[in-house]
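An overview of the molecular structure
One-letter residues, chain by chain:
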Amino acid sequence: MKLILKLSLCLLLIIGLPISNHAQQGKIPTGKIIDTENIFTKADIKILEAQIDDFIQTTKIPMSIMVRSMSKTSANDNAWTIGDLKSPKGILILISKSSKEISIGVGNELSKTLTKAKVDDIINSKILTEFNKDQYTAGISNSIKAFFKQLVH
């Protein structure tokens, strides 16, 4: 079930329907960071959203972070996507503190630059090292910087 959820979320990321369109229909919350497990403070979210805004402004690549239990599914799971149909690119970071899982999906246009090996390295070297110290904001901040470095030569 967890694998199916992750794959469906990543598949929808690749297809690229925007989160905001579904949010306007009242189906899901909107924002660059959705934290249903409350691992970030409001101040942390502001800091990370500013960093994501800078990333998007510079790279023109959408990025979102979703923190939620991977063990629970809902009717809205299939609505979580970023990007659009004309440009299937984007980065979606999925985190479940309760399940101790992290998954990063990248759109088709990014998959040659952000290979599975590079994404796994970012997870292991930038995110997990901080998450193991309960430094969630630092882990995500470091991963955004690493993605920026990979994409802006």
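Residues numbered from 1 in each chain as written. Predicted model: local features only at pLDDT ≥ 70, side-chain atom pairs only at ≥ 80, totals over all residues. Heavy atoms only, no water.

1. Some remarks on the nonpolar core
Put simply, the rule reads: To qualify as a nonpolar core, a set must consist of buried Ala, Val, Leu, Ile, Met, Phe, Trp, Tyr and Cys residues joined through side-chain atoms within 4.5 Å. Partly exposed describes any residue whose relative accessible area lies between the buried limit of under 20% and the exposed limit of over 50%, with all areas from a 1.4 Å probe on protein chains only and scaled to the type maximum. Per the convention used, a helix needs a DSSP run of H or I reaching at least four residues, while a strand needs a run of E reaching at least two, with both numbered from the N terminus. Two residues form a contact once any of their heavy atoms are found within 4.5 Å.
Counting residues in each nonpolar core, the largest one holds 30 residues, and the members touching the most others are Phe40, Ile65, Ile91, Ile104, Ile140 and Phe147. Residue contributions to this core peak at 6 residues, all from helix H5 (residues 136-151). Beyond its immediate chain neighbours, meaning those up to four positions away, Ile140 contacts Phe40, Leu48, Ile65, Ile93, Ile95 and Phe131. Among the nonpolar cores identified, the runner-up in size contains 5 residues, and Met66, Met70, Leu92 and Leu94 belong to it.

2. Some words on the environment of Phe131
Summarising the element assignment, Phe131 is placed in helix H4 (residues 116-131). In this structure Phe131 comes out as buried when scored by relative accessible area, which is 9%. Setting aside its immediate chain neighbours within four residues, Phe131 contacts Ile95, Ile102, Tyr136, Gly139 and Ile140.

3. What about the packing of aromatic side chains?
The cut-off we apply is this: Ring pairs are drawn from Phe, Tyr and Trp, using the six-membered ring of Trp, whenever the two centres fall within 6.5 Å, and their geometry is named by plane angle: stacked under 30 degrees, edge-to-face over 60, tilted for the rest.
For the structure shown, the criterion picks out 1 aromatic pair. Between Phe131 and Tyr136, the aromatic rings sit 4.8 Å apart at their centres with planes inclined by 70°, giving edge-to-face as the arrangement. The pair Phe131 / Tyr136 is uniform in exposure class, with both members buried.

4. Here's the deal with the packing of H4 against H5
Quick note on the threshold: All axes here are fitted lines through C-alpha atoms, helices being fitted over the stretch that makes contact, and every angle between N-to-C directions spans 0 to 180 degrees. Note on angle classes: values under 35 degrees are labelled roughly parallel, values over 145 roughly antiparallel, values of 65 to 115 roughly perpendicular, and the remainder oblique. The sense of a crossing depends on the near helix, which, turned anticlockwise from the far helix by less than a right angle, makes the crossing left-handed and, turned clockwise, makes it right-handed. When residues are sorted by character, Ala, Val, Leu, Ile, Met, Phe, Trp, Tyr, Cys and Pro go into the nonpolar class, Asp, Glu, Lys and Arg into the charged class, and all the rest, Gly among them, into the polar class.
Remark: H4 packs on H5, axes separated minimally by 7 Å, with the N-to-C direction vectors making an angle of 155°. With respect to their mutual orientation, H4 and H5 come out roughly antiparallel. Seen along the crossing, H4 lies across H5 with a hand that is right-handed. Residue-level contacts link Lys118, Val119, Ile122, Lys126, Ile127, Glu130 and Phe131 of H4 to Tyr136, Ala138, Gly139, Ile140, Asn142, Ser143, Ala146, Phe147 and Gln150 of H5. A per-class count over the contact of H4 with H5 returns 9 nonpolar, 4 polar and 3 charged.

5. Focus on the layout of surface pockets
Applicable threshold: A pocket, in this scheme, is an open set of points on a 1 Å grid over the protein atoms alone with protein on both sides within 12 Å along at least 5 of 7 lines, while a cavity is a set where a 1.4 Å probe fits but cannot get out; residues line either one if an atom lies within 4 Å of a point. Grid points are joined across faces, edges and corners, and a volume is the space filled by probe spheres set on the points.
Size it by volume and the largest pocket reaches roughly 190 Å³. Ser103, Ile104, Val106, Leu114, Thr115, Lys116, Val119, Asp120 and Ile123 are the residues that line the largest pocket. Looking at the lining of the largest pocket, the elements with two or more residues in it are strand S4 (101-106) and H4.

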